[in-house]
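Read off the chains here:
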Amino acid sequence: MVATAATDGGAVSFDLQPLEPILEEFKGRKDAVIPILQRAQDVYGYLPREIIYYISKRTRIPVSRLFGVATFYAQFRLTRRGRHLIRLCDGTACHVRGAKKSLEALEKAMSLKPGQTSPDYKYTLDIVYCLGSCGLAPVALVNDKVVGRLLPDSLVERLGKLE
Ligand code: FES
């Protein structure tokens, strides 16, 4: 079973089969919105609109409730992310130590602004406010790897080497 969605980059299809064990596990549990959405996001990397509609149809949980939860919690993503997630910290320690320079370097070299995904879905850039590694400021998380004492040019170079 497949759900198809039209996007800017053409039609995208989602295999619905991986949802079945999740829907089965939480069958009849209208209180399980968060775990259902978490598991669905684990499958697809984000929560495509078509998947939310399908979950609603199968669980009879209103679409409005699913979207309400998905938009309320920061852990849920409604848009597709790049293969590489860059979380650049602009918390106080990182800001004071020049995080903005790394941000400007990314914007200039990769035309990537906070919250954006590159058109080729290679990178997504998010700004966060403290990664708990202030002693290494300025800091970024690149695919869950902490990169400390950032220098703008070396960050751009490092990202350029990612496949
Ligand atoms: S402010 Fe950046 S890691 Fe704490």
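Calculation notes
- Going along each chain's sequence as written, the residues are numbered from 1 onward.
- Under the rules for a predicted model, residues below a pLDDT of 70 receive no local features and side-chain atom pairs below 80 are neither given nor counted, while totals for whole chains, interfaces and linings still include all residues.
- Heavy atoms from the whole structure form the basis of all side-chain values; hydrogens and water molecules are not counted.
- Elements are defined by DSSP. Helices are runs of H or I of four residues or more, strands are runs of E of two residues or more, and each kind is numbered from the N terminus.
- A 3.5 Å cut-off defines polar contacts: any pair of N or O atoms within that distance qualifies, except that in protein one atom must be a possible hydrogen donor and the other a possible acceptor, and neighbouring residues in sequence count only when both atoms are side-chain atoms.
- Put simply, a nonpolar core is a bunch of buried Ala, Val, Leu, Ile, Met, Phe, Trp, Tyr and Cys residues held in one set by side-chain atoms that sit within 4.5 Å of each other.
- A simple rule labels every residue: compare its accessible area, found with a 1.4 Å probe on the protein chains alone, to the largest value its type can have, and call it buried under 20%, exposed over 50%, or partly exposed in between.
- Working rule for contacts: check all heavy atoms of both residues, and any pair within 4.5 Å makes them a contact.
- When DSSP finds two or more bridges between two strands, those strands count as paired.
- In this description, a line fitted to the C-alpha atoms serves as the axis of each element, helices being fitted only across the stretch in contact, and the angle between N-to-C directions of two axes falls anywhere from 0 to 180 degrees.
- Think of it as the arc spanned by the lines of direction from the helix axis to the C-beta atoms.
- Any Lys or Arg side-chain nitrogen located within 4 Å of an Asp or Glu carboxyl oxygen qualifies as a salt bridge.

A. Structural context of the environment of Thr 71. Examined against the element boundaries, Thr 71 turns out to sit in helix 4 (residues 63-72). Looking at Thr 71, its side chain comes within polar contact range of the main-chain oxygen of Phe 67, at 2.7 Å. In this structure the side chain of Thr 71 is engaged in a polar contact, spanning 3.2 Å, whose partner is the backbone oxygen of Gly 68.

B. Examining the nonpolar core more closely. Core analysis: the biggest nonpolar cluster contains 23 residues, and Leu 19, Leu 37, Leu 47, Ile 51, Ile 55 and Leu 66 have the highest contact counts within it. The dominant element in this core, judged by the number of residues it contributes, is helix 2 (residues 33-44), at 5 residues. Every residue in contact with Leu 47, bar those within four places of it in the chain, is listed here: Leu 37, Ala 40, Gln 41, Ile 52, Ala 70, Phe 76, Arg 77 and Leu 78. Residues Leu 103, Leu 125, Ala 140 and Leu 159 belong to the second largest nonpolar core, which totals 16 residues.

C. Representation of the sheet that holds strand 5 (residues 140-142) within the structure. Sheet architecture is open: 4 strands sit in the order 4-3-5-6, paired in mixed fashion. Edge positions in the sheet fall to strand 4 (123-128) and strand 6 (145-147), since each of these pairs with one other strand and no more. Pairs of neighbouring strands in the sheet enclose a mean axial angle of 25°, with direction left out of account. The sheet contact formed by strand 5 and strand 6 spans 3 bridges and is antiparallel. Paired with Ala 140 across the strands is Val 147, a residue of strand 6.

D. Representation of helix 7 (residues 152-160) within the structure. For helix 7, the full list of buried residues reads Leu 155, Val 156 and Leu 159. In a view along the axis of helix 7, the buried residues occupy a sector of 95°, so they form one face of it. Turning to helix 7, the residues buried within the fold contact strand 3 (84-89), helix 6 (99-110), strand 4 and strand 5.

E. Highlighting the pairing of strand 3. For strand 3, a buried count of 5 out of 6 residues is recorded, marking the element as mostly surrounded by other parts of the structure. Of the pairings in the sheet, the one linking strand 3 to strand 4 comprises 6 bridges and is parallel in character. Residue pairing in the sheet places Cys 89 in a bridge with Val 128 of strand 4. Pairing geometry for strand 3 and strand 5, over 3 bridges, is antiparallel. Counterpart to Ile 86 in the pairing with strand 5 is Val 142.

F. Local environment of the pattern of salt bridges. This structure, assessed with the given rule, holds 7 salt bridges. Where Glu 157 meets Lys 161, a salt bridge forms, and the shortest distance between an N and an O atom there is 3.5 Å. The exposure class assigned to Lys 161 is exposed, which follows from its relative accessible area of 60%.

That's the geometry; what it means functionally is another story.
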